[in-house]
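Chain by chain, the residues:
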Amino acid sequence: MRLAIIGSGYVGLVAATCFAELGHEVTCVDNDRQKIGSLQSGETPIFEEFLPELLARHRGRRLTFATDLKQALADVAAVFIAVGTPPTEEGEADMSYVEEVSRTVAQTLDSYKVVVEKSTVPVFTHDWIRKVMLLNGAAPESFDVASNPEFLREGSAVRDFLYPDRIVLGVDNQRSSRVLHEIYEPLAGGRYYQQESRIPGPAEPRVPPVIVTSSKSAELIKHASNAFLATKVSFINAVASICEVVGADIQQVCDGIGADSRIGRRFLNPGIGYGGSCFPKDLKAFHAVARECGYDFRILEEVSRVNEEQLQRFVRKVKGALWTLRGKKLAVLGLAFKGGTDDIRESPALAVVKMLLREGCEIRAFDPAAMERARPLLPQQGLIYCESAYDAAERADALLILTDWKEFAALELERLRSLMAYPIVVDGRNLYDPAVMSAAGIIYYSIGRPAQAAESPMEVSARGSQR
Ligand SMILES: NC(=O)c1ccc[n+]([C@@H]2O[C@H](COP(=O)([O-])OP(=O)(O)OC[C@H]3O[C@@H](n4cnc5c(N)ncnc54)[C@H](O)[C@@H]3O)[C@@H](O)[C@H]2O)c1
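Residues numbered from 1 in each chain as written. Predicted model: local features only at pLDDT ≥ 70, side-chain atom pairs only at ≥ 80, totals over all residues. Heavy atoms only, no water.

With respect to the site of the ligand
Defined as follows: The cutoff for a nearby residue is simple: one of its non-hydrogen atoms must lie within 4 Å of the molecule or strand. What qualifies as a polar contact is a pair of N or O atoms within 3.5 Å, subject to a donor-acceptor requirement within protein and to the restriction that residues adjacent in sequence count only when both atoms come from side chains. Starting at the N terminus, helices and strands are each numbered in turn, a helix being any DSSP run of H or I of at least four residues and a strand any DSSP run of E of at least two. Residue polarity follows a fixed list, in which Ala, Val, Leu, Ile, Met, Phe, Trp, Tyr, Cys and Pro are nonpolar, Asp, Glu, Lys and Arg are charged, and the others, Gly among them, are polar.
Taken together, 27 residues sit near the ligand, with D30, K35, T85, E154 and K281 positioned nearest. K35 places a polar side-chain atom, nitrogen or oxygen, 2.6 Å from an oxygen atom of the ligand. At 2.6 Å from an oxygen atom of the ligand is found a side-chain nitrogen or oxygen belonging to K281. For the shell around the ligand, the element with the highest residue contribution is helix α5 (residues 96–107), accounting for three residues. Looking at side-chain class alone, the shell around the ligand contains nine nonpolar, nine polar and nine charged residues.

Some details on helix α8 (residues 174–188)
For an α-helix, the turn length of 3.6 residues means that residues three or four places apart are oriented alike. Put simply, the rule reads: In a helix, the anticipated span is given by 1.5 Å times the number of residues less one. Each residue is placed in one exposure class: buried if its accessible area under a 1.4 Å probe, protein chains only, is under 20% of its type's maximum, exposed if it is over 50%, and partly exposed if it falls in between.
With 15 residues, α8 should reach 21 Å at 1.5 Å per residue; the first-to-last C-alpha distance of 18 Å falls well below that figure. Within α8, burial applies to S176, S177, V179, L180, I183, Y184, P186 and L187. Residue N173 occupies the N-cap position of α8, its side-chain oxygen lying 3.3 Å from the main-chain nitrogen of R175. Immediately beyond the C-terminal end of α8, within one or two residues, lies G190, with a positive phi of roughly 85°.

Description of the sheet that holds strand β11 (residues 383–385)
Our working rule: The pairing criterion for strands is at least two bridges between them, as found by DSSP. To get an axis, fit a line to the C-alpha atoms, keeping to the stretch in contact for a helix; angles then go from 0 to 180 degrees between the N-to-C directions. Any two residues whose heavy atoms approach within 4.5 Å are treated as being in contact.
Judged by pairing direction, the sheet is parallel, and its six strands sit side by side in the order β11-β10-β9-β12-β13-β14 without closing on themselves. Each having just a single partner strand, β11 and β14 (443–445) make up the two edges of the open sheet. The mean inter-strand angle of the sheet, taken between neighbouring strand axes irrespective of direction, is 20°. Note: strand β12 (residues 398–401) against strand β13 (residues 424–427), three bridges, orientation parallel. Counted as the bridge partner of L399 is V425 from β13. Contacts from helix α12 (residues 298–322) reach β9 (329–333), β12, β13 and β14, with the element oriented near 165° to β13. On the sheet, helix α13 (residues 348–358) packs against β9, β10 (362–366), β11 and β12 and is oriented at approximately 160° with respect to β10.

Quick notes on the environment of A188
Checked against the element boundaries, A188 lands in helix α8. Taking C-alpha positions, A188 is 34 Å from P270, a pair spaced 82 residues apart along the chain. Once residues within four sequence positions are removed from consideration, A188 is found in contact with V207, P208 and V210.

A short note on the environment of R417
Mapping R417 onto the fold places it in helix α16 (residues 413–419). For the pair R417 and R364, spaced 53 residues apart in sequence, the C-alpha to C-alpha distance is 16 Å.

Observations regarding the pattern of salt bridges
For clarity, the cut-off: Salt bridges are defined by distance alone: a side-chain nitrogen of Lys or Arg within 4 Å of a carboxyl oxygen of Asp or Glu.
According to the stated counting rule, one finds 22 salt bridges in the structure shown. Residue E412 pairs with R415 through a salt bridge whose shortest N-O separation is 3.7 Å. For E412, a relative accessible area of 44% puts it in the partly exposed group. Classification of R415 as partly exposed rests on a relative accessible area of 40%. Through salt bridges with shared partners, a single network forms among E154, D343 and R345.

Concerning the environment of I129
The topology assignment puts I129 in helix α6 (residues 125–135). Residues I129 and V436, 307 residues apart in the sequence, show an inter-C-alpha distance of 55 Å. Discounting residues that sit within four places of it in the chain, I129 has contacts with I81, V98, S102, V115, E117 and V145.

In structure tokens form, the structure reads like this:
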């Protein structure tokens, strides 16, 4: 099928590339000329596993890039809108990009098309898109609007797209339903999983169920899913805070809770809080939607509050490990909002770095993919970007782990300890077993677990100066 994807960001580019992988002819459109230029010239503008391989496979063949929306829409069966929906000052989703695209699509319709919301949008958006298109000259029978929310996670976006837990199709009539079913047939019919060339996934992939709903329900499914996941994160972070007071171990508590199949172990990961371009904004937008409907969804406010407090708690933990912060040299591992991505939008790691710089710390930071994106958003004074985790650790008074990159969970501890001025690690992602750190001679602080060594800063200092 011929498809157009509007927006070539984390969602649009991954969706376009994966639809090409499923056999469709795809044009990915963006009004950012620089981005499209770099995609046309063979670059991969975002860091995502398997994306370079898929781009190499399909670029210039089944997958093309364009800035001209009108041209890209010729003869397509469906148009996926994957532009940004950032928060306004009031916390609502800014729908102006979606509106702009809807207007242009209306003015260029050449044959029947399904206009599909891929962006995360508030309930009733499909109605608004329809109204805008009618006002801009589209004939009522020449299009349908459907909702197909995207659940991919940055860092594993390609795999999530091709091996989804479910495919949600929010459709209000048979015609649009048929088009969307056909688009996803290679996944929903299981054909893709029999291909030898498929992107590696589970050894025995499960064919994803297709959940067909109304457009309204699909829009709500996405907002409610993200709000629920954010709630899970804040809930476990709150439990971690209690563990710290009573001396219990949050990892043991998580295993105990997560073994209940009604709850599940995934997403029960204590840390410095959630971030990224989705959870914070979607939580606010969902809250605004509820407010407009006359429902005061106060749990969501509390989820945000716990998340913000988690950052303050972490900085207090660093202070607790080092006594004073002014002039302390800190190694920081991780700037991205999570491992596996270069995305730094709403990254809690950046928030922690800014707070520590304000306290007068000197920071040597390393992130495997996000340093270039972080640079313009962080102060220059007091911050040095390093080549590796070990480079960052040199002569550090303490090392902080802020992002759950896999490689940060596999550091050579002996080497790390020998490089640092003091062997203190404050782990905001619980990547290590405290007993392993203890055996490596490292004083280890993490989230929701007792500190590994009870030595005072003065004792630590004395030990350091004897070496
Ligand atoms: N990033 C994620 O993990 C994720 C996951 C699921 C859903 N979403 C949702 O998907 C949507 C897109 O998110 P993203 O992270 O890909 O955003 P992004 O900012 O990375 O990409 C958006 C792209 O849209 C382009 N754009 C804006 N206006 C345009 C226009 N008029 N014509 C053509 N292109 C235009 C921008 O130039 C940009 O490249 C958001 O609603 C987001 O909430 C994101």
